[in-house]
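A structural walkthrough
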Amino acid sequence: MASTADTQMDSEGKLCSMIMEANQYARYAAVCDREGKILWHSRRNNVEHLLTEEETIDSLKRAVESWHARDSLTNKLGKGKYAVVGYDNLTRITIPLQNDHLLLVTVEGKKPQYLGDIVKIVDYVQQNK
């Protein structure tokens, strides 16, 4: 019988794979824990990394810290659903997951044209563990 941790990792791996398969513009998808440690990731084969692994980890740590700060407003604003940051070379989307994990997706382009689809995949995977 699979442990809760194994089931969680399976669903998070599935989540990264589904996002990469569903969106041809997704460059990278990763799930990290509350310390920013990457638990699962997937990168499109034909894209070049723009950040080193260390820079990606540092960026994830900052994203986790930002989500913890946003959580302090939950009583007034409700639970945060996603955050989008647009850069010249890509768009970064972070979505809080269950168990204090965080999903990061980087998408080619200047606007998150497929944000709705990504959120639907997250909802589906979390509801069908």
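Up top is the structure these notes are about.
This write-up is about the structure you can find in this document. (Residues numbered from 1 in each chain as written. Predicted model: local features only at pLDDT ≥ 70, side-chain atom pairs only at ≥ 80, totals over all residues. Heavy atoms only, no water.)

1. Thoughts on the overall build of the protein
A tally of regular secondary structure across the protein gives four helices and five strands. Its helices and strands taken in sequence order, the protein reads α-β-β-α-α-β-β-β-α from the N to the C terminus. The burial tally for the protein puts 37% of its 129 residues in the buried class. Across the protein, the fraction of contacts at a sequence separation of at least 24, relative to all contacts at a separation of at least 6, is 49%. Carbon and sulfur atoms provide 48% of the accessible area of the protein, an area that totals close to 8200 Å². (Helix = DSSP H or I, 4+ residues; strand = E, 2+ residues; numbered from the N terminus. Buried < 20%, exposed > 50% of the residue type's maximum accessible area, 1.4 Å probe, protein only. Contact = heavy atoms within 4.5 Å. Areas by Shrake-Rupley, 256 points an atom, 1.4 Å probe, with all protein chains shown as cover.)

2. Quick word on the nonpolar core
Counting 18 residues, the largest nonpolar core has Leu 15, Ile 19, Leu 103, Val 105 and Ile 118 as its most contacted members. Looking at this core, the elements with two or more residues in it are helix 1 (4-22), strand 1 (26-32), strand 4 (90-96), strand 5 (102-108) and helix 4 (115-127). Grouped together as the second largest cluster of nonpolar side chains are ten residues, Ala 30, Val 64, Ala 83 and Leu 104 included. (Core = buried A, V, L, I, M, F, W, Y, C linked by side-chain atoms within 4.5 Å.)

3. Some details on the layout of surface pockets
Roughly 610 Å³ of volume is contained in the largest pocket. Considering the residues around the largest pocket, the lining is formed by 29 residues, among which Leu 51, Ser 59, Arg 92, Leu 104 and Thr 106 are closest to the centre. Within the residue set of the lining of the largest pocket, elements represented by two or more residues are strand 1, strand 2 (38-43), helix 2 (53-71), strand 3 (83-86), strand 4 and strand 5. (1 Å grid on protein atoms, 1.4 Å probe; cavity = no way out; pocket = protein on both sides within 12 Å on 5 of 7 lines; lining within 4 Å. Points joined across faces, edges and corners; volume = space filled by probe spheres on them.)

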